[in-house]
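# Architecture at a glance
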Amino acid sequence: MIQKKLAGEKAAEFVEDGMIVGLGSGSTVYYTIQKLGELVKNGLHIKGVSTSSRTSSLAASLGIQLVSLNEVEKIDLTIDGADEVDRNFNGIKGGGGALLFEKMVAKASAKNIWVVDQSKRVNALGSFPLPVEVIPFGYTHVNKALQERGFKPVLRTENGEPFQTDSHHYILDIHTGSIDDPHALHQWLKSLTGVVETGLFIDIADAVIVGEKQTASIVTK
Ligand SMILES: O=C(CO)[C@H](O)[C@H](O)COP(=O)(O)O
């Protein structure tokens, strides 16, 4: 989709020589990584910190040097996609199942840029099902607590089996409806034993690049 390409490629303009760059996951940041691959071939020196096995394979195939999160003290800039972004730059992520690594990389980053197409911008979060990453052990009990709260959890599957994240966790996609207080919901979900992380990314993005029909605009707070 052209909007994703425009947003993804625009973000690569913020990457400077020598930077440690967090590489997000998904079909929009794919274009950022492709662009960075081209720039690296033309002499740009960066080290990438990947957020998923898919991104690692893509980056490696393009000749981008990768280091693990453990090897770096901080990341200069992370570029990632999002499933929804509200006016305060809070978002839902994890549609691709990489939320845990994405959040860890984002939190270690001095700056975070999200790349999205216009359809991802919302007044209030909650139309997109919120991914909740859980450990497989006893996840049915977490499921029950979510059901009792009225969130209609759905265990994410792939080829008829539970989808497994890169950390071998499961994902329960929950239907919250419009989220009035993302902080409170995130805190409540994290209080359930067995929940590893939620797809609510609060106070993380510094700028959002929105792909439009022919251009990409940078929105800052
Ligand atoms: O959070 C993510 C993966 O876990 C992605 O960033 C999010 O799903 C957006 O993906 P896309 O750019 O393909 O729409």
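Residues numbered from 1 in each chain as written. Predicted model: local features only at pLDDT ≥ 70, side-chain atom pairs only at ≥ 80, totals over all residues.

A word on the overall build of the chain. The number of helices and strands found in the chain is six helices and 16 strands. For 221 residues, the compact-globule estimate of 2.2 N^0.38 gives 17 Å, and the chain sits close to it at 17 Å. Taken over the C-alpha atoms alone, the chain extends approximately 55 × 35 × 35 Å along its principal axes. When burial is assessed residue by residue, the chain has 48% of its 221 residues classed as buried. Taking the intrachain contacts of the chain between residues at least 6 apart in sequence as the baseline, contacts between residues at least 24 apart amount to 73%. (Helix = DSSP H or I, 4+ residues; strand = E, 2+ residues; numbered from the N terminus. Rg over C-alpha atoms; globule rule 2.2 N^0.38 Å. Buried ≥ 20, exposed ≤ 12 C-beta atoms within 10 Å, placed from the backbone. Contact = placed C-beta atoms within 7 Å.)

Spatial strand order, β3-β2-β1-β4-β7-β15-β16: seven strands in an open sheet with mixed pairing. With partners counted over all chains shown, the strands left at the sheet margins are β3 (65-66) and β16 (216-220), one partner each. The sheet strands contacting helix α2 (residues 29-41) are β1 (20-23), β4 (75-80) and β7 (109-117), and the helix crosses β4 at an angle near 130°. (Pairing = 2+ DSSP bridges. Axes fitted to C-alpha atoms, helices over the stretch in contact; angles between N-to-C directions.)

Right, let's get into the sheet that holds strand β8 (residues 130-134). Ordered in space as β9-β12-β8-β13, the four strands form an open sheet in which the pairing is antiparallel. Each edge of the open sheet carries a strand with a single partner, namely β9 (154-155) and β13 (195-198). Looking at chain direction, β8 and β13 are connected through three bridges and run antiparallel. For E133, the partnering residue across the bridge sits in β13 and is E197. Running over the sheet, helix α4 (residues 99-107) touches β8 and β13 and is turned about 65° from β13. Helix α5 (residues 139-148) rests against β8, β12 (170-174) and β13 of the sheet, and its axis sits at about 10° to β12.

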